[in-house]
Amino acid sequence: MSNQAKYDSLRETFESFCYQDFHYSLENDEFFASFDFVLSPSSNLDRSETERKNLQQVTFKPYFRIPARSFYHWDEIPKPLLDNLVFHIGMIELISYWKIACPKKVIIMPFALDDEQVKWWKKLYFNGLGEFFYVNGIKTDIKEFMTLTSCRPERSGVETSPAYNLLHERTLIPVGGGKDSVVTLELLKNRMPAIPLIINPRGATNECVAAAGFTEEQTAIVKRTLDPTMLRMNAEGYLNGHTPFSAMLAFYTILLGFATKSKYIALSNESSANEPTVPDTEINHQYSKSVAFENDFRHYVAKYIDADIQYFSFLRPLNELQIAKLFSRAKDYHKVFKSCNAGSKTDSWCGKCPKCMFTWLALSPFITRKELSDIFGKDLLIDNDLRPILDQLDGSVEVKPFECVGTVGEVRACVNDILQHDDNLKDTILDGVAKTDDLTVADYIAQFDEGNNLPTIFKNILKEGLNA
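What comes next concerns the included structure. Keep in mind that this is a model prediction, so the values were computed, not measured.

Before going further, it helps to examine the packing of aromatic side chains. Aromatic rings considered in pairs are described by the distance between their centres and by the relative angle of their planes. One pass over the structure, following the stated rule, counts 47 aromatic pairs. Ring geometry for F71 and Y72: centres 5.0 Å apart, planes at 80 degrees, overall edge-to-face. The class of F71 is buried, set by a relative accessible area of 15%. Ring centres of F251 and F297 lie 4.9 Å apart, and the angle between their planes is 90 degrees; on these two criteria the pair is classed as edge-to-face. Here the residue F251 occupies a position in helix α9 (residues 245-259), and F297 occupies one in helix α10 (residues 291-304), the gap between them amounting to 46 residues. The burial state of F251 is the same as that of F297; both residues are buried. Positioned above the aromatic ring of F448 is the side chain of K463, whose terminal nitrogen or guanidinium carbon lies 5.0 Å from the ring centre.

Looking at soluble globular proteins, one finds that nonpolar side chains tend to be buried together. Among the nonpolar cores identified, the biggest contains 83 residues, and F60, F64, W98, W121, I254 and L255 are the most heavily contacted of them. Here this core gets 12 residues from one element, more than from any other, and that element is helix α3 (residues 79-98). Sequence-distant contacts of F64, defined by excluding residues within four places in its chain, comprise F31, F32, A33, F35, I89, V222, K223, R224, Y252 and L255. Formed by 65 residues, the second largest nonpolar core is a distinct cluster that contains A212, F314, F337 and A413.

You will see that C102, though not glycine, has its phi angle at about 50 degrees, which is positive. Secondary-structure assignment places C102 in the loop between α3 and β5 (105-108). Positive phi values are uncommon outside glycine, yet K261 reaches one of about 55 degrees.

The rules we used
Residues numbered from 1 in each chain as written. Predicted model: local features only at pLDDT ≥ 70, side-chain atom pairs only at ≥ 80, totals over all residues. Heavy atoms only, no water. Phe/Tyr/Trp six-rings, centres within 6.5 Å; stacked < 30°, edge-to-face > 60°. Buried < 20%, exposed > 50% of the residue type's maximum accessible area, 1.4 Å probe, protein only. Helix = DSSP H or I, 4+ residues; strand = E, 2+ residues; numbered from the N terminus. Lys NZ or Arg CZ within 6 Å of the ring centre and 35° of its normal. Core = buried A, V, L, I, M, F, W, Y, C linked by side-chain atoms within 4.5 Å. Contact = heavy atoms within 4.5 Å.

Encoded structure:
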């Protein structure tokens, strides 16, 4: 059965997805929250009695916990605001569970959503699932893929909090273990109070934070748990695919921002994230890292959560090559950072994926081939299996890899730089490759994208770092 046929069939089999409720508690200074999601079968009378008996409601109860730290101020957050913050995390968590069967109806029980919110969430779900639909060969549109309704009109989700004006000049910095968040950490840690934030810590995230000089007790940690029923259904062949992790991260950062009284939330998404993965479409693996999502999110938070807290990407004015240059100076991190998704479970570079290939290329103008080989555990340029991936990255084939990688132009600039400066390319994946007439590495280093949301103080810090 094709995934399109499976999609159509599942939408007939399952009638609705309901976000029933959320719960949270504070015990021994540890914050715990959970969600109640229900996937309901269709009441189609054409089904046989046996089929109806075998179809039952599926319940999901994902949860997260935030271990105690001295810098949290949970009791100072007004309850209506805390309700609203946790509710919104449930709104973004549900997308991972809805996509299992993609029912036509989504029902939101805890709070009422106005028409603008409904439109906003449908846009996020649809664009955030652009890769999911594309890779699975599912044809749909933003109007057709779901209806979103809310109940309990007496409970509005809007709880803006002008009275809660105790946010400090402090920055929360999400850390993923790759080069980008390292650059943000390095540039900000000595210039203003900062708290690193890690969701589901692993070796690379912990070691990068430690290399920056932060202890575990100085780091905000979220331990997020997926419902095992979802994992089982994925294994059984229900629909599966990419969801917008960065959008999920965004809502967690707002909660943690209030808990730590941090006015600023500094992401590490670059200007290159704006380029679509599939040319001439809006399908972008990095949609929730794009400035389009960032602008939408900032507007939504200001109107429906709080207008004082500031969410932005500190690296938005920069391209991948500028970030790579800044990272090349941070030698304490070269042995501990990891950007490879394929190797994340073993905290290693797989050396076979688009993320490994791109990271090598982006760093190559600033770090020697020998040093890169030490970082990755091998010389990627002599692995001929990576040539098809290089073709995807440099635009030789139409669709880029569905990974967080730079633009085609950036890749070509790096390839041209290697071709110009490396005389030992025989029998490598660049053997016989011709230089292209594209922007040079120097051209990219000179750029500064003004399409960003940086407060002035952060923009000045970034420019100082570039000019150092």
